[in-house]
Amino acid sequence: MTRPPPSSPEAAGDVPPSVRAPALTASWGVPLVEWWTVLGSTNDRAAELSRRGGGRGAVVVADEQTEGRGRRGASWLSVPGGGVWMSIVLDEADSAPQLPLLVGVACAEALEQVCPGLGVGVKWPNDLLVGGRKVGGVLVERAGGPPVVGIGVNVRVPQGGFPADLGGSATALEAEVESVPARERLAEAIVRRVLLRLDSEEPVGDALSALAARDALYGREVMTEQAGEGVAVGVDPTGALLLERADGTRVSVVSGRVRSVPGPGR
Ligand code: BTN
């Protein structure tokens, strides 16, 4: 992949000095790390940096988001210190329909690397699962420019528990492992792994191969919005979910909601 030379972090302009994190910037080896106490959404700030030439690999982290969002317009609960709420500025060369899956695989690997004993699955198209429950998610957005990738990982269980409307489907690292690393360590591991995967020889092919071993839907009976019911049998080279219907035909699902259908014995 050929890339334009990275632009200077200074090109990002009026960053309040209190949110620049020069020590993290240096030790993570990226053009810029901003660590905010509160933001609306780290994706919005990353998109702003991107517009101003903030540089591929620039990272925005917030302790709290007041307007954190997930896929399909859902809001994303981002309580202060409760998780890793972060976004990474990418460039055009990183654009690919498989990008959310690549980032999901990278995040799963990063979490396992720093949380010994943890097993993280990736549920098409963008969920990170532990023990069948969602611990995080990936939101790739492009506001008319290069992609920005947003990553949310629940670290603490919110006081009073996760909202009832999540129906017990959410979890947090602290509920899954004995000791959870500091959020800085989690964020660093994620950034490094995402960039490592993107800079590999065959980013998409390699990520899809790695996904096969942690595909949380594989072999499951699922209901898809786009194509109805069937068994999930993997992901095709374009990143679409492969669904096998009862008559044995296969269809590629490119968008929409997918949920597991509890079957006999499950
Ligand atoms: C999803 O599972 O629907 C994706 C959730 C993505 C949440 C992260 S938190 C950091 C970044 N900023 C946002 O507003 N959303 C993403």
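Rules of the game
- Residues numbered from 1 in each chain as written.
- Predicted model: local features only at pLDDT ≥ 70, side-chain atom pairs only at ≥ 80, totals over all residues.
- Heavy atoms only, no water.
- 1 Å grid on protein atoms, 1.4 Å probe; cavity = no way out; pocket = protein on both sides within 12 Å on 5 of 7 lines; lining within 4 Å.
- Points joined across faces, edges and corners; volume = space filled by probe spheres on them.
- Nonpolar A, V, L, I, M, F, W, Y, C, P; charged D, E, K, R; others polar.
- Helix = DSSP H or I, 4+ residues; strand = E, 2+ residues; numbered from the N terminus.
- Contact = heavy atoms within 4.5 Å.
- Core = buried A, V, L, I, M, F, W, Y, C linked by side-chain atoms within 4.5 Å.
- Buried < 20%, exposed > 50% of the residue type's maximum accessible area, 1.4 Å probe, protein only.
- Pairing = 2+ DSSP bridges.
- Axes fitted to C-alpha atoms, helices over the stretch in contact; angles between N-to-C directions.
- Near = heavy atom within 4 Å.
- Polar contact = N/O pair within 3.5 Å; in protein donor to acceptor, adjacent residues only side chain to side chain.
- Sits in = over half its atoms within 2 Å of the grid points.

## Focus on empty space enclosed by the protein
Inference 1: Taken as a whole, this structure holds one cavity of 30 Å³ or more when the rule is applied.
Inference 2: Computed from the structure, the largest cavity encloses a volume of approximately 40 Å³.
Inference 3: Lining the largest cavity are L77, V79, G82, W85, N154, R156, P158 and F162.
Inference 4: Of the residues assigned to the lining of the largest cavity, the class counts are five nonpolar, two polar and one charged.

## Section: the layout of surface pockets
Inference 1: Put simply, the largest pocket is a space of about 1,300 Å³.
Inference 2: If you go around the largest pocket, you meet 46 residues; those closest to its centre are W76, D127, K134, L166 and S169.
Inference 3: At the level of elements, α2 (42-51), β3 (83-89), β5 (127-130), β6 (133-141), β7 (148-154) and β12 (258-260) are the ones that each hand at least two residues to the lining of the largest pocket.
Inference 4: For the lining of the largest pocket, the leading source of residues is β6, giving five residues.

## As for the side chain of S50
Inference 1: Within the secondary structure, S50 sits in helix α2.
Inference 2: If sequence neighbours within four positions are ignored, S50 has contacts with V89 and P146.

## Let's talk about the nonpolar core
Inference 1: Counting residues in hydrophobic clusters, the biggest one holds 60 residues, and the most contacted among them are M86, I151 and L173.
Inference 2: Among the elements that take part in this core, helix α3 (residues 99-114) stands out by supplying eleven residues, more than any other.
Inference 3: M86 has contacts with T42, V59, V60, V61, V149, G150, I151, A187, I190 and V191, leaving out every residue within four places of it along the chain.

## Some details on unusual backbone geometry
Inference 1: With an omega of 0°, the peptide bond between W124 and P125 qualifies as cis.
Inference 2: Here P125 shows up in the loop between β4 (121-123) and β5.
Inference 3: The backbone of R72 sits at a positive phi, close to 55°, despite the residue not being glycine.
Inference 4: Within the secondary structure, R72 is located in the loop between β2 (59-65) and β3.
Inference 5: For R72, a relative accessible area of 43% corresponds to the partly exposed category.

## Examining the sheet that holds strand β9 (residues 228-235)
Inference 1: Judged by pairing direction, the sheet is antiparallel, and its five strands sit side by side in the order β11-β10-β9-β8-β12 without closing on themselves. The open sheet has two edge strands, β11 (250-253) and β12, and neither has a second partner. Adjacent strand axes in the sheet meet at a mean angle of 45° when their direction is disregarded.
Inference 2: Pairing of strand β10 (residues 241-244) with β11 involves four bridges; the strand directions are antiparallel. What sits directly across from L241, in β11, is V253.

## So, the pairing of β3
Inference 1: Burial analysis of β3 places seven of its seven residues in the buried class, which makes it a mostly covered element.
Inference 2: Of the two faces of β3, the one holding G83, W85, S87 and V89 and the one holding V84, M86 and I88 are both buried throughout.
Inference 3: Two elements, β2 and β3, share four bridges in a ladder whose sense is antiparallel. Paired with V60 across the bridge in β3 is S87.
Inference 4: Note: β3 against β7, seven bridges, orientation antiparallel. Among the inter-strand pairings, W85 is bridged to a residue of β7, identified as G152.

## What to know about the site of the ligand
Inference 1: Neighbouring the ligand are 21 residues; S41, Q65, R69, R71 and K134 lie closest to it.
Inference 2: Within the contact set of the ligand, an oxygen atom lies 3.5 Å away from a side-chain nitrogen or oxygen of N126.
Inference 3: Put simply, the ligand lies in the largest pocket.
Inference 4: Broken down by secondary-structure element, the contributors of at least two residues to the shell around the ligand are α2, β3, β6 and β7.
Inference 5: Take the shell around the ligand: its biggest share by element is four residues, from β6.
Inference 6: Residue composition of the shell around the ligand, grouped by class: six nonpolar, eleven polar and four charged.

Structural measurements only, silent on function.
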